[in-house]
Amino acid sequence: MIGMGFGYVISPCAPLILITGYAATLPLTFEVVLGELFSIASTISPVIIIMLLLGVLAKEMNKVIPQYLTWFRLGC
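Quick caveat, the model's predicted, so the values are computed rather than measured.

Basis of the calculations
- Residues numbered from 1 in each chain as written.
- Predicted model: local features only at pLDDT ≥ 70, side-chain atom pairs only at ≥ 80, totals over all residues.
- Heavy atoms only, no water.
- Helix = DSSP H or I, 4+ residues; strand = E, 2+ residues; numbered from the N terminus.
- Rg over C-alpha atoms; globule rule 2.2 N^0.38 Å.
- Buried < 20%, exposed > 50% of the residue type's maximum accessible area, 1.4 Å probe, protein only.
- Areas by Shrake-Rupley, 256 points an atom, 1.4 Å probe, with all protein chains shown as cover.
- pLDDT = per-residue confidence, 0-100.
- Contact = heavy atoms within 4.5 Å.
- Patch = residues over 30% accessible without salt bridge, like charges linked within 9 Å, V, L, I, M, F, W, Y side chains within 5 Å.
- Salt bridge = Lys/Arg side-chain N within 4 Å of Asp/Glu carboxyl O.

When its secondary structure is counted, the protein chain shows four helices and zero strands. Secondary structure elements of the protein chain, listed N to C terminal, follow the sequence α-α-α-α. In terms of overall dimensions, the protein chain is more spread out than a globule: its C-alpha atoms have a radius of gyration of 19 Å, far above the 11 Å expected for 76 residues. Counting only C-alpha atoms, the protein chain reaches 55 × 30 × 15 Å along its principal axes. When the 76 residues of the protein chain are sorted by exposure, 7% land in the buried category. As displayed, the protein chain has an accessible area near 6500 Å², and 77% of this comes from carbon and sulfur atoms.

Now the structure itself:
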């Protein structure tokens, strides 16, 4: 696991490499804003997928085991 985590850190994704290269040409304040926007955009995609899956799974759970639906939503 540690080796996999180390390998993941060493090889960043292509968009991150492009953003880092572009940020190197900007003033410091723009670099910070660009980094914040990139992190927000990178967070939104997984959140949308999780919300869609949560909606589908919650409907099924409501039919099968409704007493655990609240705990499932809190966990997600």
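As a note on interpretation, predicted positions should not be read in detail where pLDDT is low. Across the protein chain, the average pLDDT comes to 82, with 100% of residues at 70 or higher. Across the protein chain, the element-wise mean pLDDT spans from 76 in helix 1 (residues 2-10) up to 86 in helix 2 (residues 14-23).

Attention shifts here to the environment of Glu31. With respect to the element layout, Glu31 can be found in helix 3 (residues 28-64). Residue classification places Glu31 among the partly exposed residues on the basis of a relative accessible area of 28%. A sequence separation of 36 residues divides Glu31 from Gln67, and the C-alpha atoms of the two residues are 48 Å apart. Contact partners of Glu31, with chain neighbours within four places excluded, come to Ala23, Ala24 and Leu26.

Together, Val64, Ile65, Tyr68, Trp71 and Leu74 give the surface a local cluster of nonpolar side chains, amounting to about 590 Å² of exposed area. Within the secondary structure, Leu74 is located in helix 4 (residues 69-75). Assessed through its relative accessible area of 62%, Leu74 is described here as exposed.

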